[in-house]
Amino acid sequence: MLETILGGVGAAALAVGLVLAARALMFMNSGEKTVAEVISCTKSQKGWYAPKVRYTASGKEVEAVSAVEFANEIKPGEQRLIIYNKKQPESFRFADSFRTNLVGYGLLALIGALFVARFWIF
């Protein structure tokens, strides 16, 4: 019974990791890279920081707040590489944290696959 449950947990982790990785890769492949300047960084009630950046997308200047909050403040004036959605230019991700997340999603899928192999197959 325990092996069935652990295999199910592995299958769920595998599925979630693959879905998140696929979504991230689709965003990265359909997005456009550019350099953005951080213009401010506000602290939320939870203690996390949401940077507001300015960049040029398809010839237009865009100011947008990150949908992802960070534990550390990003200083105003700092230049960061971002990937933005061509259809919705105000939707962007920081390229460096994007790669880190993609590695995490891949590891989640790998661990899930190992659980499935160990508890359902072998």
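Everything quoted here is computed from the prediction, not taken from an experiment. (Residues numbered from 1 in each chain as written. Predicted model: local features only at pLDDT ≥ 70, side-chain atom pairs only at ≥ 80, totals over all residues. Heavy atoms only, no water.)

Asker: I'm lost on helix H1 (residues 2-30) in this one. Help?
Answerer: Spacing of three or four residues puts side chains on the same side of an α-helix, whose turn is 3.6 residues. In a regular helix each residue adds 1.5 Å, so 29 residues correspond to 42 Å; H1 covers 42 Å between its end C-alpha atoms and thus fits that length. Within H1 the residues assigned to the buried category are Gly7, Gly10, Ala13, Gly17, Ala21, Ala24 and Phe27. In this structure, the buried side of H1 is in contact with strand E1 (31-43), strand E4 (79-85), strand E5 (92-94) and helix H2 (95-121). (Helix = DSSP H or I, 4+ residues; strand = E, 2+ residues; numbered from the N terminus. Expected span 1.5 Å × (residues − 1). Buried < 20%, exposed > 50% of the residue type's maximum accessible area, 1.4 Å probe, protein only. Contact = heavy atoms within 4.5 Å.)

Asker: I tried to follow the sheet that holds E4 on my own but got confused; where do I start?
Answerer: Strands pair in a sheet through their backbones, by hydrogen bonds, and they do so in one of two ways: parallel or antiparallel. Pairing within the open sheet is antiparallel, and its five strands lie in the order E3-E2-E1-E4-E5. Sheet topology places strand E3 (60-65) and E5 at the edges, where each strand pairs with a single neighbour. Neighbour-to-neighbour, the strand axes of this sheet turn through a mean angle of 35°, independent of strand direction. Bridge analysis of E4 against E5 gives three bridges, and the strand direction is antiparallel. Along E5, the bridge assignment pairs Tyr84 with Phe92. Each of E1, E4 and E5 is contacted by H1, which is oriented at about 110° to E1, the strand it contacts most. (Pairing = 2+ DSSP bridges. Axes fitted to C-alpha atoms, helices over the stretch in contact; angles between N-to-C directions.)

Asker: Is there a simple way to explain the pattern of salt bridges in this structure?
Answerer: Pairing is possible between side chains of opposite charge, provided their charged atoms come close. Tallied over the full model, the rule gives seven salt bridges. Between Glu63 and Lys52 there is a salt bridge, and its shortest N-O distance comes to 3.7 Å. Taken together, the residues span a long stretch of sequence, with Glu63 in strand E3 and Lys52 in strand E2 (residues 49-57) at a distance of 11 residues. Residues participating in the shared-partner salt-bridge network are Lys52, Arg54, Glu61 and Glu63. (Salt bridge = Lys/Arg side-chain N within 4 Å of Asp/Glu carboxyl O.)

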